[in-house]
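Letter by letter, the chains look like this.
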Amino acid sequence: MALLPILCFPDPRLHKVAKPVAAVDDRVRALVADMFETMYDAKGIGLAATQVDVHERVVVIDVSEERNQPLVLINPEIVWASPETRVGEEGCLSVPGIYDGVERSLAVHVRAQDADGNSRVIEAEDLLAVCMQHEMDHLMGKVFVEYLSPLKRGRIKTKLLKQQKAAHA
Ligand code: GNR
Ligand code: NI
């Protein structure tokens with residue numbers, strides 16, 4: 001097990017498109033274990049492989065208060081999204097300290113493989129549905145700040161670049 005470094009916006013590697021996982025084997029299960037360790041340590045509710053510079057379609061999620069309901073999504077695909085949407089406050093481990101509203105479907109049905117390679121459809125609503133959409137955006141190289149205005153995004157970029165330079169000094 002290992003803690004993995006999390007890429008921070010505006011790192012260009014956050015915009016790479018993840019490739020499907022060909023086989024759910026021990027290599028993938030080790031990645032999943034490291035991603036859970038990294039997500040729980042960072043107090044996040046989800047983590048996409050893209051955020052740890054692995055460009056494969058792997059996501060881990062736990063939206064439970066008790067932090068005891070781990071969910072593994074390998075090769076996830078949204079098979080249905082509710083036409084009804086809601087604007088909710090989002091944050092991202094790759095955009096630390098920034099929170100803003102994003103419009104998402106209220107509910108989604110996601111087909112994905114689990115850590116054993118078994119495929120199933122998960123019906124999600126509310127926070128879990130938001131988190132799944134947020135994580136699947138990461139796999140497509142999309143970060144939530146891209147839904148904000150260019151002005152806001154520019155300000156966020158400047159702020160985070162300053163912080164990153166200060167952290168290196
Ligand atoms: O920890 C996280 N919280 C969160 C809150 C609202 C909407 C989405 C999220 S996901 C985020 C973790 C993360 O960055 N996953 O990619
Ligand atoms: Ni995120």
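What counts, and where the lines are drawn
- Once a new chain begins, its residue numbering starts again from 1 and follows that chain's sequence as written.
- Each chain is given a letter, starting from A, and each ligand a number, starting from 1, according to the order in which they appear as written.
- Since the coordinates come from a predicted model, pLDDT governs what is reported: local features require at least 70, and pairs of side-chain atoms require 80 or more to be given and counted, while whole-chain, interface and lining totals use all residues.
- Side-chain metrics in this entry use all non-hydrogen atoms of the structure; hydrogen atoms and water are not considered.
- Secondary structure elements follow DSSP: runs of H or I no shorter than four residues count as helices, runs of E no shorter than two count as strands, and numbering proceeds from the N terminus.
- By definition here, a helix of n residues has an expected span of 1.5 Å times n minus one.
- The classification of residues rests on relative accessible area computed with a 1.4 Å probe and restricted to protein chains. Under 20% of the type maximum is buried, over 50% is exposed, and intermediate values are partly exposed.
- Salt bridges, as used here, are contacts in which a Lys or Arg side-chain nitrogen is within 4 Å of a carboxyl oxygen on Asp or Glu.
- Lining residues are those with an atom within 4 Å of a point, where the points come from a 1 Å grid over the protein atoms alone and group into cavities, where a 1.4 Å probe fits but cannot get out, or pockets, open sets with protein on both sides within 12 Å along at least five of seven lines.
- Grid points are joined across faces, edges and corners, and a volume is the space filled by probe spheres set on the points.
- Classification convention: Asp, Glu, Lys, Arg as charged; Ala, Val, Leu, Ile, Met, Phe, Trp, Tyr, Cys, Pro as nonpolar; all other residues, Gly among them, as polar.
- Proximity is defined per residue: any heavy atom of the residue falling within 4 Å of a molecule or strand makes that residue near it.
- Polar contacts, as counted here, are pairs of nitrogen or oxygen atoms within 3.5 Å of one another; within protein the pair requires one atom able to donate a hydrogen and one able to accept it, and residues that are adjacent in sequence qualify only if both atoms are side-chain atoms.
- Values of accessible area rely on a 1.4 Å probe in the Shrake-Rupley scheme; residue burial ignores everything except the protein chains shown.
- Placement in a cavity or pocket follows one criterion, namely that more than half of the molecule's atoms lie within 2 Å of its grid points.

The subject of this paragraph is helix H2 (residues 126-139). Here H2 contains 14 residues, and its C-alpha end-to-end distance of 21 Å stays within 8% of the 20 Å for a straight helix at 1.5 Å per residue. The element H2 is largely enclosed, with a buried count of eleven among its 14 residues. Within H2, the full set of buried residues consists of Leu128, Ala129, Cys131, Met132, Gln133, His134, Glu135, Met136, Asp137, His138 and Leu139. Positive backbone phi, at 85°, marks Gly141, one or two positions downstream of H2.

A few words now on the pattern of salt bridges. In total, this model carries nine salt bridges according to the counting rule given. A salt bridge links Asp126 to Arg86; its shortest N-O distance comes to 3.8 Å. Of the two residues, Asp126 is situated in helix H2 and Arg86 in strand S4 (residues 85-90); the sequence distance between them amounts to 40 residues.

Considered as a void within the structure, the largest pocket measures approximately 360 Å³ in volume. For the largest pocket, the lining is made up of 20 residues, of which Ile45, Glu90, Gly91, Cys92 and His134 are closest to its centre. Secondary structure elements with two or more residues in the lining of the largest pocket: S4 and H2. With six residues, the top contributor of residues to the lining of the largest pocket is H2. Among the residues forming the lining of the largest pocket, the class breakdown is nine nonpolar, seven polar and four charged.

A word on unusual backbone geometry. A cis amide bond, omega 5°, links Phe9 with the succeeding residue Pro10. For Pro10, the location among the structural elements is in the segment before helix H1 (26-41). Backbone geometry places Lys43, a non-glycine residue, at a positive phi of 60°. Inspection of the secondary structure puts Lys43 in the loop between H1 and strand S1 (46-48).

A separate point is the site of ligand 1. The full set close to ligand 1 counts 13 residues, and Ile45, Gln51, Leu93, Glu135 and His138 are the nearest of them. Gln51 has a polar side-chain atom sitting 2.8 Å from an oxygen atom of ligand 1. Within the side chain of Glu135, an N or O atom sits 2.7 Å from a nitrogen atom of ligand 1. Taken by itself ligand 1 offers 380 Å² of open surface, and the protein chains cover 89% of this. Judged by its atoms lying within 2 Å of the grid points, ligand 1 is housed in the largest pocket. Elements that contribute at least two residues to the shell around ligand 1 include exactly S4 and H2. Per element, the largest residue contribution to the shell around ligand 1 is four residues, and it comes from H2.

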